[in-house]
Amino acid sequence: GAGVSQSPRYKVAKRGQDVALRCDPISGHVSLFWYQQALGQGPEFLTYFQNEAQLDKSGLPSDRFFAERPEGSVSTLKIQRTQQEDSAVYLCASSRPGGGEVVGYTFGSGTRLTVV
Amino acid sequence: LAKTTQPISMDSYEGQEVNITCSHNNIATNDYITWYQQFPSQGPRFIIQGYKTKVTNEVASLFIPADRKSSTLSLPRVSLSDTAVYYCLVRRSTGFQKLVFGTGTRLLVSP
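Peer 1: Looking at this model, I keep getting lost on the layout of surface pockets. Mind explaining?
Peer 2: To locate leftover empty space, one rolls a probe as large as a water molecule over the atoms. Roughly 500 Å³ of internal volume is contained in the largest pocket. Secondary structure elements with two or more residues in the lining of the largest pocket: β9 (88-95) and β11 (111-115) of chain A together with β8 (84-92) and β9 (105-110) of chain B. A class-by-class count of the residues in the lining of the largest pocket yields twelve nonpolar, ten polar and three charged. Forming the boundary of the second largest pocket are 19 residues, of which Thr-4, Val-100, Phe-101, Gly-102 and Thr-103 of chain B lie nearest the centre. Where the lining of the second largest pocket is concerned, the elements lending two or more residues are β5 (44-50) of chain A together with β8 of chain B.

Here is the structure:
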């Protein structure tokens with residue numbers, strides 16, 4: 001597609017519920033990133049994929065957070081047993097090989113997760 | 001990666017030039033300076049990147065002095081639609097990039 005697509009756009013979850021957030025990167029983009037953005041703050045890195053390989057997951061805040069990209073295209077960020085502190089916007093970004101250096105990363109519009 | 005510091009907020013009026021300065025005292029030799037723009041309910045959007053001196057594109061100009069310890073994003077003749085948060089980042093020249101965002105500068109453009 002023309003841009004990075006994220007779904008759902010909004011998600012309300014009851015505390016303790018599991019959620020799955022989807023990211024469709026731009027076709028051909030091998031690098032994929034997930035970021036978490038709390039209200040009034042800048043985005044914070046969660047994890048990075050190069051094709052299907054998860055090369056960095058140092059930003060995942062706990063073992064309740066899990067990300068996958070099994071075929072090197074679509075990625076899913078899963079949060080188990082959601083807590084109120086998980087409420088945030090979850091952003092996905094992708095980049096073509098070498099593209100990050102020249103034109104930056106393309107971000108989706110995010111999924112706003114609210115845990116009640 | 002070098003930490004960046006920029007003003008929390010700025011106000012301007014339509015038609016004025018806006019300059020947002022960012023300090024990055026510990027920038028490394030191979031680091032680039034990158035700026036992103038974020039509108040409400042959208043993800044950040046890359047606007048400009050530079051290494052030294054001056055870079056200009058259709059959106060903005062980026063001025064980087066010789067010591068590279070700071071940089072200035074210049075937006076010519078802003079309009080209401082330039083109201084956004086602007087992030088200054090430092091990134092390595094090649095390879096995997098874990099972009100580190102600060103809190104950014106909230107620019108409010110008024111009529």
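Peer 1: Looking at this structure, how should I read the side chain of His-24 of chain B?
Peer 2: Residue and element names in this part refer to chain B. Structurally, the position occupied by His-24 is in the loop between β2 (18-23) and β3 (31-38). A distance of 3.0 Å separates polar atoms of two side chains, one belonging to His-24 and the other to Ser-71. Ignoring sequence-local partners within four residues, the contact set of His-24 consists of Lys-3, Thr-4, Ile-33, Arg-68, Lys-69, Ser-70, Ser-71, Cys-88 and Val-90.

Peer 1: Sorry if this is basic, but what is going on with the packing of aromatic side chains here?
Peer 2: A ring pair, where both rings are aromatic, is described by two values, the distance of the centres and the angle of the planes. Applying the stated criterion to the full structure yields 13 aromatic pairs over all chains. On the numbers, 4.7 Å between centres and 65 degrees between planes, the contact of Phe-33 of chain A with Tyr-105 of chain A is edge-to-face. Taken together, the positions of Phe-33 of chain A in strand β4 (residues 31-37) and Tyr-105 of chain A in the loop between α1 (99-102) and β10 (106-107) put the pair 72 residues apart, joining distant regions of the chain. This pair shows no difference in class: Phe-33 of chain A is buried, exactly as Tyr-105 of chain A is. Consider the rings of Tyr-35 of chain A and Phe-45 of chain A, whose centres lie 5.9 Å apart with planes at 80 degrees: the pair is edge-to-face. Residue Tyr-35 of chain A is located in strand β4, and its partner Phe-45 of chain A is located in strand β5; the two are separated by ten residues in the primary sequence. On the accessibility criterion, Tyr-35 of chain A (1% relative accessible area) is buried. Joined through ring pairs, the aromatic side chains of Phe-33, Tyr-35, Phe-45, Tyr-48, Tyr-105 and Phe-107 of chain A together with Tyr-36, Phe-46, Tyr-87 and Phe-101 of chain B make up one cluster. In this structure, Arg-9 of chain A packs its charged tip against the face of Tyr-10 of chain A, placed 5.6 Å from the ring centre. In this structure, Arg-68 of chain B is placed above the aromatic ring of Tyr-51 of chain B, and the distance from its NZ or CZ to the ring centre is 4.0 Å.

How each quantity is defined
- In this numbering scheme, every chain counts its residues from 1 along its sequence in written order.
- Whichever chain is written first is A, and whichever ligand is written first is 1; the rest continue in order.
- Owing to the predicted nature of the model, reporting of local features is limited to residues with pLDDT of at least 70; listing and counting of side-chain atom pairs is limited to 80 or more, with chain, interface and lining totals taken over all residues.
- Water and hydrogen atoms were dropped before computing side-chain values, which therefore reflect all heavy atoms in the structure.
- A 1.4 Å probe that fits but cannot get out identifies a cavity on a 1 Å grid over protein atoms alone, an open set with protein on both sides within 12 Å along at least five of seven lines counts as a pocket, and a residue lines either if it has an atom within 4 Å of a point.
- Grid points are joined across faces, edges and corners, and a volume is the space filled by probe spheres set on the points.
- The secondary structure listing takes helices from DSSP runs of H or I that are at least 4 residues long and strands from runs of E that are at least 2 residues long, numbered from the N terminus.
- Residues were grouped as follows: Ala, Val, Leu, Ile, Met, Phe, Trp, Tyr, Cys and Pro as nonpolar; Asp, Glu, Lys and Arg as charged; and all remaining residues, including Gly, as polar.
- Pairs of N or O atoms within 3.5 Å make up the polar contacts considered here, provided that, within protein, one atom can donate a hydrogen while the other can accept it, and that residues adjacent in sequence are counted only when both atoms are side-chain atoms.
- What makes two residues a contact is simply this: any of their non-hydrogen atoms within 4.5 Å.
- A pair of Phe, Tyr and Trp rings is counted when the ring centres sit within 6.5 Å of each other, with Trp represented by its six-membered ring. The angle between the planes then sorts it: under 30 degrees is stacked, over 60 is edge-to-face, the rest tilted.
- The rule is simple: take the accessible area with a 1.4 Å probe, protein chains only, and divide by the maximum for that residue type; under 20% is buried, over 50% is exposed, in between is partly exposed.
- Only when the NZ atom of a Lys or the CZ atom of an Arg is both within 6 Å of the ring centre and within 35 degrees of the ring normal do we say a charge sits over the ring.

These figures come from the coordinates and say nothing about function on their own.
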